[in-house]
Amino acid sequence: MKGYPWLSDLTHMSPSCRVSHGIAGTLLGEMALCAQKRPPEEERRARANDREYNEKFQYASNCIKTSKYNILTFLPVNLFEQFQEVANTYFLFLLILQLIPQVSSLSWFTTIVPLVLVLAITAVKDATDDYFRHKSDNQVNNRQSQVLINGSLQQEQWMNVCVGDIIKLENNQFVAADLLLLCSSEPHGLCYIETAELDGETNMKVRQAIPVTSELGDISRLAKFDGEVVCEPPNNKLDKFSGTLYWKESKFPLSNQNMLLRGCVLRNTEWCFGLVVFAGPDTKLMQNSGRTKFKRTSIDRLMNTLVLWIFGFLVCMGVILAIGNAIWEHEVGTRFQVYLPWDEAVNSAFFSGFLSFWSYIIILNTVVPISLYVSVEVIRLGHSYFINWDKKMFCAKKRTPAEARTTTLNEELGQVEYVFSDKTGTLTQNIMVFSKCSISGHSYGDVFDVLGHKAELGERPEPVDFSFNPLADKKFLFWDSTLLEAVKMGDPHTHEFFRLLSLCHTVMSEEKNEGELYYKAQSPDEGALVTAARNFGFVFRSRTPKTITVHEMGTAVTYQLLAILDFNNIRKRMSVIVRNPEGRIRLYCKGADTLLLDRLHPSTPELLSTTTDHLNLLGATAIEDKLQQGVPETIALLTLANIKIWVLTGDKQETAVNIGYSCKMLTDDMTEVFVVTGHTVLEVREELRKAREKMMDASHSVGNGFTCQERRSSAKLTSVLEAVAGEYALVINGHSLAHALEADMELEFLETACACKAVICCRVTPLQKAQVVELVKKHKKAVTLAIGDGANDVSMIKTAHIGVGISGQEGIQAVLASDYSFSQFKFLQRLLLVHGRWSYLRMCKFLCYFFYKNFAFTMVHFWFGFFCGFSAQTVYDQYFITLYNIVYTSLPVLAMGVFDQDVPEQRSMEYPKLYEPGQLNLLFNKRQFFICIARGIYTSVLMFFIPYGVFAEATRDDGTQLADYQSFAVTVATSLVIVVSVQIGLDTGYWTAINHFFIWGSLAVYFAILFAMHSNGLFDMFPNQFRFVGNAQNTLAQPTVWLTITLTTVVCIMPVVAFRFLKLSLKPDLSDTVRYTQLVRKKQKAQHRCLRRVGRTSSRRSGYAFSHQEGFGELIMSGKNMRLSSLALASFATRSSSNWIESLRRKKSDSASSPCSAADKPLKE
């Protein structure tokens, strides 16, 4: 909040107030024409009222199509899309193999059941999404518009509007296409529009018809109008238009001031007529929308790579076993042809090995079962529901919950490094408040108590009473009554101050009822100033093109308006020249003092003195744009989580910088704030170079163990962040950014921006927002998130890895294009630090365990191959193979993937550093994958060879040999189910009733099915399928078998427990330390309660103590260092965790690709 000495330019002149538009249909998805593709245009020619002439150019109609399917094409197209997924094609190939009798070693239903399930679930999801796209398309295309056809106005649907049509718009209607304004109800062909759907600004903008058409207000004249527009082809430049109107053998130049763009709203204008120049996807709004991109998470991309590696490993195992089969058949198998003959098709050991290869591919395919993909989708769906159900992200005022509009990106919310935010409506409420002013050297606005101390907001008295003024705005609040007293006493300086505020503006006044004034301001801050003057007795009542009427202290005074010098981005000030009733001519100006005085050349001091004498200083204003609640705290918390926040806004520089200070992105303690305003490539390059040099010089002077040469020879972008000492910020304007984003300068801009703590890009177009996001995505290899609330943010939201829409004041375009939506910016911290971090943690633990259990399950077949003549005989029966991933182990891992958490949500917010492992991709990467695989192979070795060794010599209770195929299979299968169940119990960090039920219930289901399959009842019904009656009962009745199972379980699990015990003792993670701190606090509280309540026989547990058990943490950490204080633990957490995280961050930075030359060297530390 700042004031300027000249009565002065509103501190945030840029318009930003957002208003709800009620147009649910203006979708900004991937647009497609209802017609065929056309060759690129070189120029656009459109003749009014001549559809036959315009149709030969095959221009796009106004029909919008975002849907992908119809009833006939859904099934074939959707299946085609699904089988483009490598995994689905792979499992289809396996299914075909299983249908070949000579190759198949398993029944076909083991593959087709899960494959059909996956395809069906995905198809239902796609069909639901496309249904809503059809619904939205119909809503847009069927909106009504008045079109001039055959001399009369007719109602036409938007999709039937064509280039060259003349359409009529009425007040508060949306513009259906890009129109050339022909005439309006206002004098001189003026009309007022709101452009929030285009640039996010709700300020009133003025458009004017060219004089030759402004008189065509009669329908009969418009019907005869046959002018032809020749203009530029469709493009995405919102602020530029170049064309010519040819009419009556004359030509008239056209500019952007003559155009009404699709998405605008007509305001304060009864009606207007326009000629359609661009329609549908050719409109500038749609040209800026960007293409819809299919978004995949980094874990998805890694999984695709790992699946290919696993498939390669599978082929290698198949080749090894096939070679073994060929050798065995050649050396040994030929001797047993009498009772083990080859199949008729097999005529050699080599061909037997070839068939064996495909058989083993089928058997070993469970290293990547299709249930993996089903489970991932179920877990993501669960995470999405948690976001939707989160009451702490529900806005009671707007009755708006958070919404996860996609289910595929949840875990990537836990890996975000860059947040790109819009300003107006996203960071701010866009509520401008007249806060303070200074008149003739006297400051008003602060309130002091009886001791002369400044009163805080909560200590202030009642606001000023404006009841003396019947036209006052009851919503206006001001606390300093001395200003009103000065007005009532007739202080001339104060009266002149408010007279200026009531005259020097472009506000439109509307009086629906007597005394009920409604102001439509070109910017919200201008409206705040006029409202302040209104309440203090200088009421702007009405205007005409030549007059302004003001009620001054109850008396109506009409001023003759001689000239308006309007505000723009270059002048940054506004002036009006009026003649008062006494006949005196006055110039009233508001703008920054530096801008006004700089207009005078320093070589003319006499002129400066003379002008200053005549341009009397009246006062200064202070306008405050209120931030949304919790914005500074959210930004501070995200910064602590090592998330960089960039603000990309269409507002002017002064507004954005002020908001930057308000939300603590910019502070007075910063070393320097660099402002880049160059208008040429050379100027921008030089400003960026100087900024980098200043940062490097400051770092060199501070030292930090770096030499200047080491800094300059950086081989990575993030090296600058490590080398620079001090805090810097970068502010860059849109015209400078256009040059900075050019191919030969984009890396210089990115390196400079990444060296700064805060980056603010001002006056940027929607396309530039997307380009900045794409630049960071391309070169930083970091997860990006874009958040905005308007149509001008859609391109940015679509480009980022994750798009978040604020469902607020500006329609639903941003929400429709987003992946997640909520109503306030402050909810972003909970979305990332709680839901995002938990989703990433859960998905990583799920994948690690899933690959472990499946390698432990599948590799047993590989070891068994060396003992069964490589005959592709399975260890387990086919029913166990089918049910292992679907029934026995699916629900426990799903429960962990959906419900698990390492620390409670409160601790996630208290310790933002817990977020960093996700940014560094520590919990699931190639290294973690190979560790899981190694553990799975280790478990499979013990799972096979311990029972094999025991069974070689073991006997039953009656002295008979224990070793038989079915008894061995039952023992190995039982050992496997118990081991993986114990393992998931160790992996679970957050126990709920569901976890208990699924883990122990799955074990119970396993034994129930096992005994059922070996029962007399199933044998009687299916004698050919269930031949081994009573085998399970007989095997599990042997003590030797249970000793074998116990030994296998202990040997498999003990190394894991030992490793985790040592890790927690020697190198704990921050989450381990936070959990331990929490455990200590709980026990201290419990002891304190016991001391205060001696003799109490019952105990009370908190809800958290009941539900949030510590898994194996209690076992390995109980009693160890229990006397450590919480303060000591906190310091230990910082010391032990930040060091290893920072070292890993540096390693990640070292491995990043450099945009610089190959000769550059990395920084030394």
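Within an unreviewed UniProt entry, the label attached to the protein reads Phospholipid-transporting ATPase, and the organism entered is Canis lupus familiaris. Its UniProt record gives the protein the following Catalytic activity (unreviewed entry) comment, quoted word for word: "ATP + H2O + phospholipidSide 1 = ADP + phosphate + phospholipidSide 2." In its Sequence similarities (unreviewed entry) section, the UniProt record describing the protein reads: "Belongs to the cation transport ATPase (P-type) (TC 3.A.3) family. Type IV subfamily."

1. Some details on the confidence of the model for the protein
On average, residues of the protein score 81 in pLDDT, and 82% of them are at 70 or above. This stretch, residues 702-721, has a pLDDT under 50; its non-local contacts, to residues over four places away or in other chains, come to 52 contacts. Note that residues 1151-1165 has pLDDT below 50 and, in this model, 30 contacts with residues that lie over four places away or in other chains.

2. Some details on the sheet that holds strand E26 (residues 644-648)
Ordered by their spatial adjacency, nine strands build an open sheet running E14-E32-E31-E30-E15-E26-E29-E28-E27, and the pairing between neighbours is mixed. Every interior strand has two partners, whereas the edge strands, strand E14 (403-404) and strand E27 (672-676), have only one. Relative to strand E30 (residues 783-788), strand E15 (residues 416-421) runs parallel, the two being bridged by five bridges. Residue pairing across strands places Ser421 opposite Ile787, the latter belonging to E30. Across the face of the sheet, helix H17 (residues 653-662) comes into contact with E27, strand E28 (728-733) and strand E29 (758-762) while running at roughly 155° to E29.

3. Considerations on the pattern of salt bridges
Applying the stated criterion across every chain yields a total of 41 salt bridges. Here Arg380 and Glu377 are joined by a salt bridge, their closest N and O atoms 3.7 Å apart. With a gap of three residues between them, Arg380 and Glu377 both fall in helix H10 (residues 371-389), about one helical turn apart. The exposure class of Arg380 is buried, given its relative accessible area of 2%. The closest approach of N and O atoms between Glu552 and Arg499, which form a salt bridge, is 3.0 Å. Of the two residues, Glu552 is situated in strand E21 (residues 547-552) and Arg499 in helix H12 (residues 492-503); the sequence distance between them amounts to 53 residues. Each member of the pair, Glu552 together with Arg499, is buried. Each of Glu43, Arg45, Arg47, Asp50 and Glu228 takes part in one network of salt bridges that share partners.

4. Points about helix H23 (residues 766-780)
Relative to the 21 Å expected for 15 residues at 1.5 Å per residue, H23 spans 21 Å between its end C-alpha atoms, a close match to the ideal helical length. Looking one or two residues beyond H23, the residue adopting positive phi is Lys781, at roughly 50°.

5. Some points on the side chain of Asn141
Relative to the helices and strands, Asn141 is located in helix H4 (residues 109-141). Residues in contact with Asn141, not counting those within four places in the same chain, are Asn62, Cys63, Ile64, Gln157, Trp158 and Met159.

6. Regarding the packing of aromatic side chains
Inspection of the entire model under this criterion finds 61 aromatic pairs. Here the aromatic rings of Phe867 and Tyr948 are separated by 4.6 Å at their centres, their planes lie at 50°, and the arrangement is tilted. Note that Phe867 is positioned in the loop between helix H26 (827-865) and helix H27 (878-888) and Tyr948 in helix H31 (residues 926-953), a separation of 81 residues in sequence. A residue is classified by how much of its surface remains accessible, and Phe867, at 39% relative accessible area, is partly exposed.

7. Examining helix H13 (residues 524-535)
For H13, which comprises 12 residues, the first-to-last C-alpha distance of 16 Å matches the rise-based estimate of 16 Å (1.5 Å per residue) to within 8%. Burial of H13 is extensive: 12 of the 12 residues sit out of reach of the surface. What H13 keeps buried is the set Pro524, Asp525, Glu526, Gly527, Ala528, Leu529, Val530, Thr531, Ala532, Ala533, Arg534 and Asn535.

8. Let's talk about the packing of H26 against H27
Between H26 and H27, whose axes approach to 12 Å, the crossing angle comes to 170°. Comparing their axes, H27 and H26 come out roughly antiparallel. Residue-level contacts link Phe850, Lys853, Asn854, Phe857 and His861 of H26 to Phe880, Ile881, Tyr884 and Asn885 of H27.

9. Points about the state of the cysteines
Counting across every chain of the model gives zero disulfides. Here Cys756 is not cross-linked by a disulfide; its sulfur's nearest cysteine counterpart is in Cys754, at 8.9 Å. Here Cys844 is not cross-linked by a disulfide; its sulfur's nearest cysteine counterpart is in Cys848, at 6.6 Å.

How each quantity is defined
Counting starts from 1 at the beginning of each chain's written sequence and moves along it residue by residue. For this predicted model, a pLDDT threshold of at least 70 governs which residues receive local features, and a threshold of 80 or more governs which side-chain atom pairs are given and counted, while totals over whole chains, interfaces and linings are taken from all residues. Excluded from the side-chain calculations are hydrogens and water; all other atoms, namely the structure's heavy atoms, are used. UniProt positions are given in the numbering used here, feature names are shortened, and annotations may be inferred rather than shown by experiment. Residue-level confidence of the predictor is summarised by pLDDT, bounded by 0 at the bottom and 100 at the top. Only heavy atoms enter the contact rule, under which two residues are in contact if any of them lie within 4.5 Å. Any two strands are treated as partners once DSSP identifies two or more bridges connecting them. In this text, helices come from DSSP runs of H or I with a minimum length of four residues, and strands from runs of E with a minimum of two, each type numbered from the N-terminal end. Convention adopted: a line fitted to C-alpha atoms gives each axis, helices being fitted over their contacting stretch, and angles between N-to-C directions are expressed from 0 to 180 degrees. Salt bridge criterion: a side-chain nitrogen from Lys or Arg within 4 Å of a carboxyl oxygen from Asp or Glu. Burial here depends on accessible area, computed with a 1.4 Å probe over protein chains only, as a share of the maximum for the residue type. Under 20% is buried, over 50% is exposed, and the range in between is partly exposed. By definition here, a helix of n residues has an expected span of 1.5 Å times n minus one. Whether two aromatic rings pair depends on their centres lying within 6.5 Å, for rings of Phe, Tyr and Trp, where Trp uses its six-membered ring; planes under 30 degrees apart make the pair stacked, over 60 edge-to-face, and the rest tilted. In what follows, roughly perpendicular refers to angles from 65 to 115 degrees, roughly parallel to angles under 35, roughly antiparallel to angles over 145, and oblique to any angle outside these ranges. Cysteine sulfurs are considered disulfide-paired once they come within 2.5 Å of each other.

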